[in-house]
Every structure is written in C-alpha cells, then in structure tokens.
Amino acid sequence: MTEIAGTRTGGPALPQERRLVTEVPGPRSRELLARRAEHVAAGVGTVLPVFVEAAGGGVILDVDGNSLIDLASGIAVTGVGNAAPEVVDRVIEQVQAFTHTCFMVAPYDGYVEVCERLAELTPGTHAKKSALFNSGAEAVENAVKIARSATGRMAVGVFDHAYHGRTNLTMAMTAKNMPYKHRFGPFAGEVYRAPTSYPFREPAPISGAEAAGRAIDVLDKQAGASNLAAVVIEPILGEGGFVVPEDGFLPRLREWTEANGIVMIADEIQTGFCRTGDWFACDHEGVVPDLVTTAKGMAGGLPLAAVTGRAEIMDAVHVGGLGGTYGGNPVACAAALGAIEAMRTHDLCGAARRLGEVMRERLAAVRKAHTCVGDIRGRGAMTAVEIVGTDGHTPEPVRAGSISSYCHSQGVVTLTCGTYGNVLRFLPPLVMSTELLHDAFDVVAAAFDATA
Ligand code: PLZ
C-alpha cells in the first residue's frame, strides 16, 4: 500500500508537537465558525473553537496550521490514534471492495470477525454472541431489549450520575437533566435509579459492598428484584465524572443480580478497549457481566457499537428482532478489526497504564499548589480532577470551564464532565508519547496558575 501511504495527510506521520501559529481560533476557523452558526442547528454544541484539517497520533491540526495536543480522543474514541495506519489501510481496502450491502440482506465476513474478536476480548470465558449497531445509545437500547426478551420482565435499574445516550429510552436511563433531557420528555417508563458509589462525595466513608447494599435496597424496594430485567451500570462513570466506585461495589452487584436472575449489563462504551489499562474496566475486579455494550474506542473513529454477551441470553430474541440498516457496516467493521489489531500489537493496555501514571503524577503536583483540586481519580488513561471551592467540597464548574478554555487557547484539547460540570477529564490517544503528554500537562498546570 505504498502509493496510498504516500498520499496520507493525517495519521501518526504528522509532527507530534504543539505549535501555535495564530491565535486560537485563527482567521480561517473564525470564518468557518460563522458559516456553522448560519447553517448548523444551535442545539449541536461544540467544545473547541477550531475546525480540523487533519489529525494523527496525539495531535489535531487546525485549518490555520495550529497543531493542538489532543487530550480528548473525540470523547474516548481514537485510542489507537487518529487515522491510525491499521485502520486506514483496512478501511481503504474495504471501501474499494464494497461499502454496504446491509448485513440483514447479504452478509459479509467482517461482521462475523468483529463478533469473534468481541467474544475473545470481553470479560468471561463462557459462550458469547454479539449484535452490531451504529452508536452507543443504540447498543444500550438493544441490550435492554435483549434482557427484557430473555427474562420476560420489564424494569431496568440504573444509577445516579449515569450516562447512557440521547435516544428516548437512554435519556430516561441518563441521570442528568441539562443538557441531555431538558424539555425532551416524556421519557420511557420502568426505569429505576439507585445511588452509586462516589467515594469523594459520600457524607461518610462507606465500603463498596455497603454502597452496593444501599443500591440493592432501593432497587428491591422500588422495582422489586423479580421485576428487574436488567441492571445497567458504567463500571467507571464517564460523562458523570469519571467516578471509580469503591472496590467491592461491582462484585456485590454482580452477586445480587446473578442470585435474582437479573441481567447485568456493563456499559463499557467509554471505558472499553484498553482505555482504563485493561481491555475492559470490569476486568479490574474480575467481574463478568451477562452483557457488555461497546462502541467508541472499538473502531478507531468509525461509527460501530455492539452488544456482546451470554449466548443463551443473546439468542432469546426471535429471528428478525434485532437489526438496523447500517448496523455492523462493512467499512466500520474493517476499521474495528484494524483498531483491535493496533491495540494488540502496540500493547495499548500497557500504554494506557503508563499515560495514567504520568497524568496522576502531574495532577498530584498541581494539587500541592491549588486547593481547588478536590479529587484526582480515574484508571489508566481515563483520568480526571474534580474542581472545588475553598471548603474542599462545593463544585466549581466555572473554574473548571476557565481552566479548560485556557488549555484550548494554548493548544491543548481538554474536556469537562460531571453531574456538576466541575470535572476536568483527560482522555489522550493511547499512542501518545509521554513527552507530548508532559508538554500538554505543562499547559494544564499553567492553566491552574492562570485562573487562580
Ligand atoms: N454510554 C457510557 O459514554 C457516550 C456522549 C457525548 P453514543 N458518551 C459521550 C454527548 O454529549 O452526546 C456514551 C457513553 C456511555 C453510552 C454512550 C452513548 O454513546 O455513541 O454517543 O450514542
């Protein structure tokens, strides 16, 4: 594929550096922002004020020639790096062969191969099957459909601070009103919400098993264990603030769901595919859910999502009950196979752990000078810092926003999250060098000083 390699404009060959040649946003980005304002619906928000020309490895090149360090990965998607060669080569090969037949009309092997990989990589050694979809929200909806069909029950248990998507059912499952649900109701019924384990915000220390007991009590009282088709949980909260539950929380929930015939669905859409330093966040405590939802990191930037789980649960649905025109599109499947190959050959789980250590070390140094650092948390390359007031507790979303905006102006792409909007989260591509990450964190550290 040398002739194709010669025409590459993005990917890891882009100089891996932060380089500002104009103010951010520059004149060309400003022009495009004006066109965007005229033609794109206002409800679609954007974090970064620059338009993209190319991206690769750990940088994003904007239309004014600025090279920004990417600490977002398109919200935990391009873990393998933007335009990763393994992804690009397979996509080109596939797109030249055929772009679409619809797997429900005429099948192709890429779909089956992705399902094989998912069976190998997701937690547990039991017989598994998968179904492929286009987005995370669609995967979560389908996981619930499958659990309902398999159990003949209707109720769904979810947690405080959860994020599961923007469709009607997944809005109901998502905890936060603004911006996800505001004025969009009525929402789907039979969704019951339980407290999670949020170590930093517990009024008093509570063990993981106790926090699980507290959740189980709510679900049992409000829905009734025998009415629950599924309990859906993000093993580490994503949009909700990168909250890592106390050890023992997930295992206790697993025990209870198993004992009560409730399908445990792990939403690994943000945590999956090496991000946390394991293939999946559930691996950390050896928890084996019945179903796992995946998307984001799986396909190196192409839209692909999956539900993977126990063969007998997956097969409970009648033939024709699952599908969609584009689900498991051949180009997206080719991208996933390339991305998974890249994760394996470059040991991106190991890379995620190393990047995480650097980030936590740098944030610990920031904490010494800034009392607004309430909590540093996460796992692997899914790391965050919660920003609080002088009382060490009150959420400070404005300060978090200013720190993030300062980073953008200096050429570092950062994101915020959290129920209170006061969490800065860092999701670098897993292929980023530690040198580049250090450069990015020099800016992050300066942002704390500049906004103090
Ligand atoms: N489940 C755990 O993190 C997507 C949302 C960005 P889709 N998170 C990013 C936004 O503001 O829309 C997500 C997730 C978890 C489900 C989803 C939904 O995945 O591919 O965005 O539908």
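Notes on the structure in this doc start here.

Rules and cut-offs
- Residues numbered from 1 in each chain as written.
- Predicted model: local features only at pLDDT ≥ 70, side-chain atom pairs only at ≥ 80, totals over all residues.
- Heavy atoms only, no water.
- Axes fitted to C-alpha atoms, helices over the stretch in contact; angles between N-to-C directions.
- Helix = DSSP H or I, 4+ residues; strand = E, 2+ residues; numbered from the N terminus.
- Left-handed = near helix turned anticlockwise from the far one by under 90°.
- Contact = heavy atoms within 4.5 Å.
- Nonpolar A, V, L, I, M, F, W, Y, C, P; charged D, E, K, R; others polar.
- Expected span 1.5 Å × (residues − 1).
- Buried < 20%, exposed > 50% of the residue type's maximum accessible area, 1.4 Å probe, protein only.
- Arc of directions from axis to C-beta.
- 1 Å grid on protein atoms, 1.4 Å probe; cavity = no way out; pocket = protein on both sides within 12 Å on 5 of 7 lines; lining within 4 Å.
- Points joined across faces, edges and corners; volume = space filled by probe spheres on them.
- Near = heavy atom within 4 Å.
- Polar contact = N/O pair within 3.5 Å; in protein donor to acceptor, adjacent residues only side chain to side chain.
- Pairing = 2+ DSSP bridges.

Where helix α5 (residues 109-121) meets helix α11 (residues 330-345), the closest approach of the two axes is 9 Å, and the angle between their N-to-C directions is 35°. Crossing of α5 over α11 shows left-handed handedness. Contacts between α5 and α11 involve Gly110, Tyr111, Glu113, Val114, Arg117, Glu120 and Leu121 on the former and, on the latter, Cys333, Ala336, Leu337, Ile340 and Arg344. For the contact of α5 with α11, the class distribution of residues is 7 nonpolar, 1 polar and 4 charged.

Turning to the environment of Ala188, a few remarks are in order. The topology assignment puts Ala188 in the loop between α7 (168-173) and β6 (191-194). Through-space distance from the C-alpha of Ala188 to that of Leu304 is 24 Å; in sequence the pair is 116 residues apart.

The terminal C-alpha atoms of α5, which comprises 13 residues, lie 18 Å apart, in line with the 18 Å expected from a rise of 1.5 Å per residue. Of the residues making up α5, those classed as buried are Gly110, Tyr111, Val114, Cys115, Arg117, Leu118 and Leu121. Along the axis of α5, the buried residues cluster in a sector spanning 160°; they form a single face.

A separate point is the layout of surface pockets. In this model, the second largest pocket occupies a volume close to 540 Å³. Looking at the second largest pocket, it is lined by 23 residues, and the ones nearest its centre are Phe103, Tyr111, Ser130, Ala131 and Leu322. For the lining of the second largest pocket, the elements supplying multiple residues, two or more each, are α5 and β4 (128-133). Sorting elements by how many residues they give to the lining of the second largest pocket places β4 first, with 6 residues. For the lining of the second largest pocket, the residue count by class is 13 nonpolar, 7 polar and 3 charged.

We now examine the site of the ligand. The local shell around the ligand holds 14 residues, among which Gly136, Ala137, Arg166, Asp267 and Gln270 are the closest. Here Gly136 contributes a backbone N or O atom positioned 2.8 Å from an oxygen atom of the ligand. Contact distances for the ligand include 3.2 Å between a nitrogen atom and a side-chain N or O atom of Lys296. Tallied by class, residues from the shell around the ligand come to 5 nonpolar, 4 polar and 5 charged.

The subject of this paragraph is the sheet that holds β4. Taken in spatial order, the 7 strands make up an open sheet running β4-β10-β9-β8-β7-β5-β6, and their pairing is mixed. On the outer flanks of this sheet lie β4 and β6, each paired with one strand and no other. Strand-to-strand twist in this sheet, taken as the mean axis angle between neighbours without regard to direction, amounts to 20°. Looking at chain direction, strand β7 (residues 228-233) and strand β8 (residues 263-267) are connected through 4 bridges and run parallel. Each bridged residue has a counterpart across the sheet, and for Val231 the counterpart in β8 is Met264. Lying on the sheet, helix α6 (residues 136-151) is in contact with β4, β5 (155-159), β7, β8, β9 (291-294) and β10 (305-310); it crosses β10 at an angle near 30°.

What follows covers the sheet that holds strand β1 (residues 52-56). The 4 strands are arranged β1-β2-β3-β13 in an open sheet whose pairing can be described as mixed. Both edges of this open sheet fall to β1 and β13 (412-413), since each of them pairs with a single strand only. Bridge count for strand β3 (residues 67-70) against β13 is 2 bridges, and the pairing is parallel. Counterpart to Asp70 in the pairing with β13 is Val413. Those strands touched by helix α14 (residues 434-450) are β2 (59-62), β3 and β13, and its axis lies near 95° from that of β3.

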